Structure formats: structure tokens, C-alpha cells
Amino acid sequence: ILYGRQDVNLEPRTDETPLVEQYQEPAIPAIAREVTPAVVGIATVQVSHDFFYRPVETEAVGSGVIVDPQGYIITNEHVVGNANQITVFLSDGRKYKGKRLYGDKALDLSVIKIAAPDLVAARLGDSDKVVVGDLAIAIGNPLGLTLQRTVTAGIISALNRMVVVRDQRGNIVMQDLIQTDASINPGNSGGPLVNGNGEIIGINTVKASKAEAIGFSIPINMARPIVKNIIEKGKFEKPYLGIEGIDRE
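Residues numbered from 1 in each chain as written. Predicted model: local features only at pLDDT ≥ 70, side-chain atom pairs only at ≥ 80, totals over all residues. Heavy atoms only, no water.

Novice: What should I look at first to understand the layout of surface pockets in this one?
Specialist: Over the atoms rolls a probe the size of a water molecule, and its path tells where empty space is left. Roughly 160 Å³ of internal volume is contained in the second largest pocket. Lining of the second largest pocket is provided by S127, D128, V130, L159, N160, D176, L177, I178, P219, N221 and M222. A per-element tally of the lining of the second largest pocket places strand 11 (residues 170-180) first, with three residues. (1 Å grid on protein atoms, 1.4 Å probe; cavity = no way out; pocket = protein on both sides within 12 Å on 5 of 7 lines; lining within 4 Å. Points joined across faces, edges and corners; volume = space filled by probe spheres on them. Helix = DSSP H or I, 4+ residues; strand = E, 2+ residues; numbered from the N terminus.)

Novice: Mind showing me how you'd approach the pattern of salt bridges here?
Specialist: Note that side chains of opposite charge can pair when their charged atoms are close. Counted by the stated rule, this structure contains five salt bridges. We note a salt bridge from E77 to R100, for which the minimum N-O separation is 2.9 Å. Taken as a pair, E77 in helix 2 (residues 77-80) and R100 in strand 6 (residues 99-104) lie far apart in primary sequence, 23 residues in all. When its relative accessible area of 5% is taken as the criterion, E77 is described as buried. Taking the relative accessible area as the measure of exposure, R100 reaches 34% and is therefore partly exposed. (Salt bridge = Lys/Arg side-chain N within 4 Å of Asp/Glu carboxyl O. Buried < 20%, exposed > 50% of the residue type's maximum accessible area, 1.4 Å probe, protein only.)

Novice: Got a minute to help me understand the environment of P142 in this structure?
Specialist: Checked against the element boundaries, P142 lands in the loop between strand 9 (135-140) and strand 10 (150-167). Expressed as a C-alpha distance, the spacing of P142 and S189, which sit 47 residues apart in the sequence, is 8.3 Å. When residues no more than four places from it in sequence are discounted, the contact partners of P142 are L147, T150, N185, P186, G187 and N188. (Contact = heavy atoms within 4.5 Å.)

Novice: Explain the side chain of S110 here, please?
Specialist: The topology assignment puts S110 in strand 7 (residues 109-113). At 2.8 Å, the side chain of S110 forms a polar contact with the backbone oxygen of Y102. Residues within four places of S110 in sequence aside, it is in contact with I73, I74, T75, N76, E77, V80, R100, Y102 and G103. (Polar contact = N/O pair within 3.5 Å; in protein donor to acceptor, adjacent residues only side chain to side chain.)

Novice: I'm lost on helix 1 (residues 27-35) in this one. Help?
Specialist: Side chains of residues three or four places apart in an α-helix project in the same direction, reflecting 3.6 residues per turn. Three or more residues of helix 1 are buried, namely I31, A32 and V35. The buried residues of helix 1 occupy an angular sector of 100° when projected down its axis, which confines them to one face. (Arc of directions from axis to C-beta.)

Novice: What should I look at first to understand the sheet that holds strand 7 in this one?
Specialist: Paired through their backbone hydrogen bonds, the strands of a sheet run either parallel or antiparallel. Strand order across the open sheet formed by seven strands is 5-4-1-2-3-7-6, with antiparallel pairing between neighbours. The open sheet has two edge strands with one neighbour each: strand 5 (95-97) and strand 6. Mean inter-strand twist for the sheet, computed between neighbouring axes without regard to direction, equals 30°. Two strands pair when backbone bridges link them, and strand 2 (residues 55-68) and strand 3 (residues 72-75) are joined in this way by three bridges, in the antiparallel orientation. (Pairing = 2+ DSSP bridges. Axes fitted to C-alpha atoms, helices over the stretch in contact; angles between N-to-C directions.)

Next comes the structure, spelled out in C-alpha cells:
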């Protein structure tokens, strides 16, 4: 019995280009190197008075991110809101006096400005396009300026979270927050949350005190119009809906 057979040419083809493996740097180191120069340390001094009206200084530390080469920086309102003195520390060792231009307690967002040359600004992303499971990288100054620009990574754990924060400001209800398991600690407040493209998608604000790996960031789309108006017009006027009640007999 004869079986049909097709001869196969085993000689290598010479008309095909050789396979070349192109090296691609892992995403997190590349992103950290790009964004870190735009992350700043913020040291504040708040002056209060004791029972005998003697001045008492309270120092605190937070983070921020440069979003415009002219020196505009986004941070948290709870970092700089009551500060009498703001000092901004750059990644290259320079430090400058900061001026608070805007603050919103409900959003926990603040915009400050420094007068400094040769600043590196971070790129802003679109927080409306974030989905659960996306890469999330947090950069900031946990536990003070001795651990400046610490990089932690995780994922987007959830979206549209609501958190009630209780502090000296009272009870603040924060809505539409981004939840991440990237480590966020005291001092990270005001630092950026970055996506896999190296774009800022959030401003880190609070963490769950009784749990691990549960942190929250303010979507950058909330801050974008604020910064844009301040840069272009010098101020931002928050829109509001006014309702007045009348007691009719």
C-alpha cells in the first residue's frame, strides 16, 4: 500500500528577517524616574496660642506635585490650609517659600505656588478612564521628609468611594474617591497617584486607619478645572446652587 507523501524542504529560508528581541524597561521604574522630579515635600508651620496667649508653633509635613512649570502645585487642603508658613522642597535639593492660592475643605484640595526656575511638571491623565485593576503608583513622603519620594505600587481597587473624615475641621464627607492598595501613609497626603502611562490620575488624601492597603485619592479631574482657572485667571470661583426658604403662614 502506498501512502501519499509531500516532500518538505527543511532548508532555512533566507528571505525572512532574523528575530530581534527589543528590550523594554519595566513600567514602574520608568514611571518613577519620570514623575519623581515633579513630586515635592511640603513643610508647614502653624502658629496658635496657649491659655496665656503665648505663640505655639506646630510643624507638619506633606507632599505635593508640580502640575505647571510656572510653579503651580497641587496638594491637600489639610496639609497647608491653616499654615502660617509653607516651605516646598524640590527633588534636586532646592527649597522655596510657598504661597497658598486656593483651598477647598470639602474636596481637600489646595493649590500653592512657588517662584522657581527650571521646574519639572507632571502630566495630568483622565481619571474618568480609570478602571478597577489598573496599575496604580503612589509617590510621596511617608512619615516625614527623611523618606522623601517613596514609591509604592498596587492597583486601582475600587471607584466612586465615599469616606467620612473626622479631624480638627469636623466631619468632612468626601465622595467619588479612587481606592487603591498602593501603600499610602501619613506624609503621603497631597502626593500623586500615577497610572501606567506616567500620568497623574489622583491626589492621595487619606487611608483606612484600621486596615491595611486601603488608601484613597481624589480624582485629578476634580482638580483640573481649578488649576486651569487659577493659571489663566488668577482665581477659581466655585459654582454653587443657592436655595432660600420662606416660612408662609
